[in-house]
Every structure is written in structure tokens, then in C-alpha cells.
Amino acid sequence: MKLSQLEIYPTVATNNQNLLWFKDIHFEDVNLVGGKGANLGEMYNIGIPVPNGFCVTARAYFKFIEANKLKPKIKALLDTIDVDDPTQLNSTSAKIRKLIKEAPLPPEIAIEIMSAYKKLCSYAGLKNVPVAVRTSATAEDSADASFAGQGDTFLNVLGESNIVTKVRACWSSLFTSRSLFYQVKNHYDNFKIGVAVPVQKMVQSEISGIAFTLNPVTNNKKEIVIETIWGLGEYIVQGIVTPDQYLVDKSNWEIKFENHVPQKIQLTRFEDSNKEIPVPKYKQNRSKINPSMVIKIGKLAQKLHNHYGKAQDIEFAIEKNKLYFVQTRPITTVDISQKSLQSQEKIDVNLKPILTGDAASPGSGTGVAIIINNPKELNRVQKGQVLVTEMTTPDFVPAMKKVNAIVTDRGGQTSHAAIVSRELGVPCVVGTEKGSKLIKEGDIITVDGTTGKIYSGDQTQNTTKTEKKSQSTQKTATKLYVNLGEPELASEISKRNVDGIGLLRAEFMIANIGIHPKRMIQENRQKEYIQKLASGLLSFCKNFNPRPVIYRATDFKTNEYRYLKWGKLYEPQEPNPLLGFRGATRYINSPDVFEMELEAIKIVRNKYNLKNLWLMIPFCRTPEELVKVKKIITDNGLLRSPSFKLFMMAEIPSNVILLDKFIDVGIDGISIGSNDLTMLVLGLDRDNSEVAKDFNELDPSVLWSLKRLIVIAKKRGIMVGICGQAPSNHPDLVEKLVKWGITSISVSPDAIDRSREIIAWAENKRLSPLRP
């Protein structure tokens, strides 16, 4: 690390520290304290109300493993494991955890932990302050999202010796059955993953809840979902009780929907343990929070969303009407996953469901019901069944991966069942109250995770084979492309009726690499970075060949780059990243980073001879910028040709006004980014809840811009497409685009069939002699 970087970030932790207080932790310390610990420190330091605490670092864990010479013993046990055999998996897990729990802590680490706990007690003015002891996994080059919910959590822990014992138990939870399953399936090196342990003052949660800064089922960015229960938060995450739910409209900060659910039991903290007790009768049917608290939670949640630059999943607690945020993590399920896309079959809307609950994970799935009343029965679950249970726990994850759909009696949209189902792309309905009693094992049922309805029999067959065939083979003169970013989706989406990829986003692949590219350069790891990016590009090009794949070079904004590991060392903190250091400007100022992308493109095109990979430059403000970027591209051996097309995103008013001059520089096509163009033409940020309601792709000024871009491009003989959400949202706009002469429309995977039909309708309407 350079001296100048240390001067800019004087509180960046050093890797030899065994313990850090929240005030000394920032997000760039994720490799030392894990995602959970880093987020607690980050929240604490930006003024979010967070109960105080400290974090035992991953460095302490590695010292513990080394001091007790545990690595060879653990490795010997792991070398023979078959994680697909539940009995063997559980047995190996128990042996490893026993090794860790029985090994002594190095004295200096134990003393540091006990001293920190006593200091926390003195801050609180108590002899023994109750604390929560949680697991925060770290993995080299990876955030800990894959391990979310798998590590142990201990609540209401009292006394310094008990803290030490629970820290060791958290370390051992890296080797739970479910965690080992994840590690093996995701090809993690078991000995490069560390475990940090946040120790945090407990809040006696009279009310607990979860907030999502977008609607996790519909992915609506203009909505915040808030769920609340009486008592400690474990019962909402585990789905033991079904919460009250509020849907908040960010555009006007009004509650647009609320649902109150009676609650009869709650988890409450007592002196030495947490106990389940009845909710007093006078409270059972009451709302947990009032409207002003709903809005207060929503606005604080949005502050975190804006700070991190992405949607957040937040846990909060209320004690004596005082609000605390106790955890935040990025929502990892924003895009509809592969399985959900596969399962979106038509269901007759006139059918009467046998059961309803809360829609938790979109899509529909059919199969034979398997009723699981105990996790010990999970070995009975077979591929293609529908899992019906009272609620799920992390132990259910391997079984959840096998099934076509999931139904639970309890839980809400933020419960374990809901979150994991969305992550896996499995349709899910939660909170049915009596699903495991009403549905009989062996019944064939259909689960609609989009509407929350469950039907008897295989109702997805209502879409006839003829209808499906006509949907999948329809052709149009206007090319229909798809927007993609995740390599795992390439194979399945390539089988759909699309003419290529109109927008291949770099951001998902860069996020999966996980480290800021400048850090990779500083560590002389350029080849590793290039190879990982090339591998992702290869998945798309190979599956779609010979159809074109238009790769948009990285368009991370500074706030998004800052979220990568080490990002804060290299990125400025901008007041408005939308208008800041992004796109073409970055390539000119940091050609070494851009050249790694170009090298990855050359590997795919030259080594693998996949000439269907083209390049698109985003956010290019002036023709002079385009000239400079083109020079970098050609200097790196990529020249425009019949097999290598160069596109420019048209998303800035200057692109509209000066399009002829941009074309004069030499490009083969433009792709209209209707989202950014609409924001910049109207002068608003659609992620800013104060003005989001005025975002309108059909505003006359936006329509004028779209028409001008298409007409000029057509006149100059270059390709012109659109890759924003506007065509999917507005069928009437598609008619205009086709009439003006657009050559391609690119949409998200869930909109493919609908968009092909709209394009065909627009083309037929244009050609019809009866059209008015």
C-alpha cells in the first residue's frame, strides 16, 4: 500500500490486528472483518443508529488454526467427504467442529477479547452487558454473500469467558454441513476462507424487522418493503412467525399497502437466555409500528441504498421507541434467475386455487408434493418435487436446490425461505398457514410464486404445444436482442427466440471478480483479471455464436466501484456519480484498466475464434472523447471490420445534438440507453425518491430525442438499437420506434416473448393497408 493511500485513509486496518472497534472499521476492511463486520463499521461511521461493538478479525481465526495445528487434521477429514451424502456430510462437519471447539485460544487473543468486552460493559454502565455474537465469513477475492445466514449467531451472551467460548463456536460454524456444502459446490478453498466475529451490544427488541430497499418479488425500485414482528428478530428471519408488511412508495413517501397479521408468540431476552413467550392478548392484533416509524425506517434504509449504490437487505430493532439498524447486506436477487425464467408458464386466471399465501419468489413450478416436518427427513427430497414444510432453515438449502417449487406455512417475503428461493430462482409461496396440513404427500400441485396461489394438478400445461411453438419461432424484421450480464444464464437464454445480445453488461462479471481493477494492477495480477473476464465473455459468445454479442465496456460509477474490495482507495466520493467519473472519461484517464478489457476481448475473438463479439462504448460526452477512446482500441490491435463492429451508447443529450459529428469519427452503430437519456433530458435521477415520480420515457422531449437519433442513424447508414426498459414498458412506443426505422430492440430475458409479440404487432400495424 502506498504512503499516499494511508494518508487518505488513516483508519484503514492493518492485517495483523486481532480486534477492531466498529468506529475503526470501514467497508474496505471486508477481507479482515467479513461483509457483516464491514457493513456494521460502515453504518456506524456514516451516522446510522447502530448498537456499539467490536469485531474479532479473521486474522485472529487464522492465528488460532495455526497455533493448534488444525489445518492438517481438518484437511484429512475433508479429503474423503462426499457433500451429496447427507450422513457423511453431517458426520464430517461434527468432527471438524469438535476439533475447533475443544482447541484453546492463544492467550493474547483471549485477553484482547475479554478486555474489549469489559470496555463495552463500561460504556454501557453495566457489570455484564448482553451481547450478540455473530459469524462474518471472509473469502479471498469474494464477498461473503455465499455464506449469508449459514454461520452461527448467539444472542444474549453474558460474561467475558462466555464471549470467548461463543467466538470459538462461531469459528467452528465455518464447517457446518450447510457451509461445507456451499464451499465445495462453489469451489472455495476451505483454508483461504476466514471467520471474523462481530460482538455487538444487544438491543432488547420489543419490535424487530427487515427492510428491503426495493420490492424483492417484483424488483420494483420505487418501492421499499418493511416487515415487522413483536420480539427478537430471529423469528422473522427463520419464518417462525408471519410478519406485518408495509409497502412504501419512494416517490411520495406514502404507505401504499399494509397487511397486519395476528401474532401469538414472540422471542424475548431474559437474564441468561432467550425464551419464547406468549404475546399479551391486547397486543396480538395490534400493528407493531405506527406510520411515522414506517416512513422513518424507509428513509434511513434509502440512505443506506444511496450510500452503497445498490439495493440493501436491512435488519432493524426497536427498543423503547428508539430505532437501531443491526445489519445490512446487498440484495443478491435483484434479477430474475435462470430457474424463474424457465418456469414462467401460463396459468389459467379463472382457475380457483386450493391455497393462497404471500408471493415470495417469482415463476411457477409443478411437481409431486413432498411434506417435510423435520430437517432429518431432507434426504427424502428428490429432484423435481415440490417442497412443502412449516418453514425452512439453512439446513434446507441443499434440498431447496433440487425442487421445482417451495411452499411454507409461515414466514414473509424477508424470511429465509423467501430469500434463498429468490437466490436459487425457485418459485416460492410463504405464509400459507396450513399448506403442510392441507396438501397431501404425493399430490401433484402447481405453485405460482408471482401471485402467491397454489393449484391442484399440473396447471402449467394450459399453454398448448402449438401456442408455445408459435411463441418461440415468431420472426420479425426488427431484430430482438436480449440484455444479459450473468454468465450462468448464457446457455439457457441462448435457446430462446432472440437474435443476439444487444447489451452485455460488464458489471456483473467485474463484481464477481470482486476486487478493484487498479488493485489487481498494483498487485501484478493483470493476467488473472483478464482471464476471469475472458472466461465470462466466452460463455456468452460460445452459446450465442454466430449471433452478435455487443459487449458494453465497464460503466461502473464511482460509488459502485467503491463497493468493490479496495475500491475506496482508488475512487473519489462524488456528490452525483450519475454525472461523474464514468464511461469513456475513465478509459482515457485509466487506459491500463480499459486495456485489460480489450485484452479479454482479443482472447475470445482470436484464441477461440469467436468473431461475434463486438464492442460498445458507454457515456461518451464529446466527439473528441470518442476519438481518444478509438485510438486506445486501435493501438491495442482491435480494428473495425465486417466482423468487428464498434458501437456507441446514445444516452446523453450531446449524443442527440451532435450525432452527425460522433458518426463522422467512425462507428458502426448506436444503442440508445433510454434510462439515462430520459433522466438527463428531464434533469432528474430516477433513484432519487423526491423526483422519481416525474421519470417518463414518453415525455415529448424524450420522444423527440429518440426520433432524432433513429432518423439520423438511418440516414447515415449505421445500425440503431435501444436497450433500456422503455420498449418493455410501453407497447405504443415500440410502434413509434418501428415506424421511425429502428433496427433492433434489446430487452431483459423475462420480456423476450412479450416484446417479440409487440414488435410483430407494430410491424403488422405499420404494413396494414387498413391502418388509419
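Fair warning: this is a prediction, and the values are worked out from it, not measured in the lab.

(A) Structural context of the side chain of Q327. Its place among the elements puts Q327 in strand β14 (residues 322-330). The class of Q327 is buried, set by a relative accessible area of 5%. Within the structure, the side chain of Q327 is placed 2.2 Å from the side chain of R329, a separation counted as a polar contact. For Q327, the contacting residues outside a window of four places in its chain are K36, M43, R134, D313, I314 and E315.

(B) Looking closely at empty space enclosed by the protein. Taken as a whole, this structure holds six cavities of 30 Å³ or more when the rule is applied. When its volume is computed, the largest cavity comes out at roughly 100 Å³. If you go around the largest cavity, the residues you meet are H516, P517, K518, T554, Y561, E571, R586, Y587, S590, V593, F594 and E597. Those elements that provide at least two residues to the lining of the largest cavity are α19 (517-522), α23 (584-589) and α24 (591-607). Counting residues per element, the lining of the largest cavity draws most heavily on α24, at three residues.

(C) Focus on the pairing of strand β22 (residues 453-456). In this sheet, β22 lies alongside strand β15 (residues 355-356) in antiparallel orientation, the contact comprising two bridges. Across the sheet, residue L355 finds its bridge partner in β22, namely I454. As paired elements, strand β21 (residues 444-448) and β22 share four bridges and run antiparallel to each other. When the bridges of β22 are listed, V447 appears paired with I454. The hairpin turn running from β21 into β22, its antiparallel successor, is four residues long, and G452 in that turn takes a positive phi close to 85 degrees.

(D) Local environment of helix α27 (residues 659-666). Taken together, the buried positions of α27 are L659, F662, I663 and G666. Looking down the long axis of α27, one finds its buried residues gathered within 100 degrees of arc, a one-sided arrangement. Of the residues in α27, the exposed ones pointing more than 90 degrees away from the buried face are K661 and D664. Contacts from the buried residues of α27 go to α25 (623-635), β27 (646-650), α26 (653-657), β28 (669-672) and α29 (700-716).

(E) Structural view of the layout of surface pockets. In this structure, the second largest pocket spans a volume of roughly 610 Å³. Elements represented by at least two residues in the lining of the second largest pocket include exactly α5 (86-102), α8 (177-185) and α13 (397-400). It is α5 that contributes the most residues to the lining of the second largest pocket, seven residues altogether. A breakdown of the residues in the lining of the second largest pocket according to their chemical character gives nine nonpolar, six polar and eight charged.

Quick notes on the rules
Residues numbered from 1 in each chain as written. Predicted model: local features only at pLDDT ≥ 70, side-chain atom pairs only at ≥ 80, totals over all residues. Heavy atoms only, no water. Helix = DSSP H or I, 4+ residues; strand = E, 2+ residues; numbered from the N terminus. Buried < 20%, exposed > 50% of the residue type's maximum accessible area, 1.4 Å probe, protein only. Polar contact = N/O pair within 3.5 Å; in protein donor to acceptor, adjacent residues only side chain to side chain. Contact = heavy atoms within 4.5 Å. 1 Å grid on protein atoms, 1.4 Å probe; cavity = no way out; pocket = protein on both sides within 12 Å on 5 of 7 lines; lining within 4 Å. Points joined across faces, edges and corners; volume = space filled by probe spheres on them. Pairing = 2+ DSSP bridges. Arc of directions from axis to C-beta. Nonpolar A, V, L, I, M, F, W, Y, C, P; charged D, E, K, R; others polar.

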